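# Results of the structural survey
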Amino acid sequence: MKVAIFLGSKSDMDTMKKAADVLKDFGIDYKAYVISAHRAGDLLVKTIKKVEEDGCEVIIAGAGLSAALPGVIASRTVLPVVGVPLECINPGKSNGLAGMDALLSIVMMPPQIPVATVGIGNAKNAGYLAAQILAIKYPEIKAKLVEFRAKMTADAEANGGEGIEL
Ligand code: RP5
């Protein structure tokens, strides 16, 4: 397993699945865990150790509301942690501050313990960033990223980037 994805709650699954989908596209092996930093701190610490022992090289963590999860993980490992602030979508419960609460909580880490924070709900970018970090070490992942970017350029050319008539 190269990447561990942590979710603060099962209610975060739909959004965080998008990070997993990107990893799948690049053939990157991952495992996902639902563990709240606030509700199950001991289990979280144990699981961080376990994923390190299993060879994990990058961690993605998504959470909503006060969103301690990515920061707590970063405090417990020197692996790079990519944080995804989530809008809390919970029918019948408060939806928090539309993700601004989680964004500020995750991005405003104290010095020495960084979390690489992507945009609110942008779990896809967490997947791409994890792939780019791994590409430093794995040429096959780098080759796939280069190919993916080349296709983006070709699509942009085909979609008006080479000039259009208006
Ligand atoms: C956060 O609180 C979770 O990441 C989730 O986004 C939010 C609500 O959690 P649940 O009440 O749905 O478990 O910790």
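Residues numbered from 1 in each chain as written. Predicted model: local features only at pLDDT ≥ 70, side-chain atom pairs only at ≥ 80, totals over all residues. Heavy atoms only, no water.

On to the pairing of strand β2 (residues 30-34). Looking at chain direction, strand β1 (residues 3-7) and β2 are connected through five bridges and run parallel. Pairing of V3 across the sheet is with Y30, part of β2. The β-α-β motif built from β1, the intervening helix α1 (residues 13-25) and the parallel element β2 has right-handed crossover chirality. (Pairing = 2+ DSSP bridges. Helix = DSSP H or I, 4+ residues; strand = E, 2+ residues; numbered from the N terminus. Right-handed = clockwise from strand over helix to strand, strands pointing away.)

In summary, soluble globular proteins display a tendency toward joint burial of nonpolar side chains. The biggest cluster of nonpolar side chains holds 26 residues, and the ones touching the most others in it are V3, I5, M16, I28, I60, V84 and I141. Taken together, the elements giving at least two residues each to this core come down to β1, α1, β3 (58-64), β4 (81-86), α5 (123-135) and α6 (139-161). Counting residues per element, this core draws most heavily on α5, which supplies seven residues. With residues up to four places along the chain from it excluded, the contact list for I141 reads K2, I28, A131, L134 and A135. Within the second largest apolar cluster, 22 residues are counted, among which are Y33, C56, L69 and I106. (Core = buried A, V, L, I, M, F, W, Y, C linked by side-chain atoms within 4.5 Å. Buried < 20%, exposed > 50% of the residue type's maximum accessible area, 1.4 Å probe, protein only. Contact = heavy atoms within 4.5 Å.)

For the rest of this paragraph, the subject is the site of the ligand. Taken together, the neighbourhood of the ligand is formed by G8, S9, S11, D12, R39, A63, G64, L65, C88, N90 and K93. Separating an oxygen atom of the ligand from a side-chain N or O atom of S9 is a distance of 2.7 Å. Measuring from an oxygen atom of the ligand, one finds a side-chain N or O atom of D12 at 2.6 Å. Of the residues belonging to the shell around the ligand, the class tally is three nonpolar, five polar and three charged. (Near = heavy atom within 4 Å. Polar contact = N/O pair within 3.5 Å; in protein donor to acceptor, adjacent residues only side chain to side chain. Nonpolar A, V, L, I, M, F, W, Y, C, P; charged D, E, K, R; others polar.)

This next bit is on the packing of aromatic side chains. Under the criterion given, the structure shown has four aromatic pairs. Taken together, a centroid distance of 6.1 Å and an interplanar angle of 80 degrees make the contact between F26 and Y128 edge-to-face. You can see F26 sitting in the loop between α1 and β2 and its partner Y128 sitting in helix α5, a full 102 residues away along the chain. The exposure class of Y128 is buried, given its relative accessible area of 18%. Where F26 meets F148, the ring centres are 5.7 Å apart and the plane angle is 80 degrees; that geometry is what we call edge-to-face. One end of the pair, F26, is in the loop between α1 and β2; the other, F148, is in helix α6, with 122 residues separating them in the sequence. The class of F26 is buried, set by a relative accessible area of 5%. An aromatic cluster is built from F26, Y128 and F148, whose rings are joined through pairwise contacts. The side chain of K2 reaches across the aromatic face of Y138, ending 4.5 Å from its centre. (Phe/Tyr/Trp six-rings, centres within 6.5 Å; stacked < 30°, edge-to-face > 60°. Lys NZ or Arg CZ within 6 Å of the ring centre and 35° of its normal.)

Counted by the stated rule, this structure contains five salt bridges. Of the charged contacts in the structure, one is a salt bridge between D21 and K24, with a shortest N-O distance of 3.6 Å. Placement of both D21 and K24 in helix α1 is noted, with a separation of three residues, approximately one turn of the helix. For K24, a relative accessible area of 47% translates into the label partly exposed. (Salt bridge = Lys/Arg side-chain N within 4 Å of Asp/Glu carboxyl O.)

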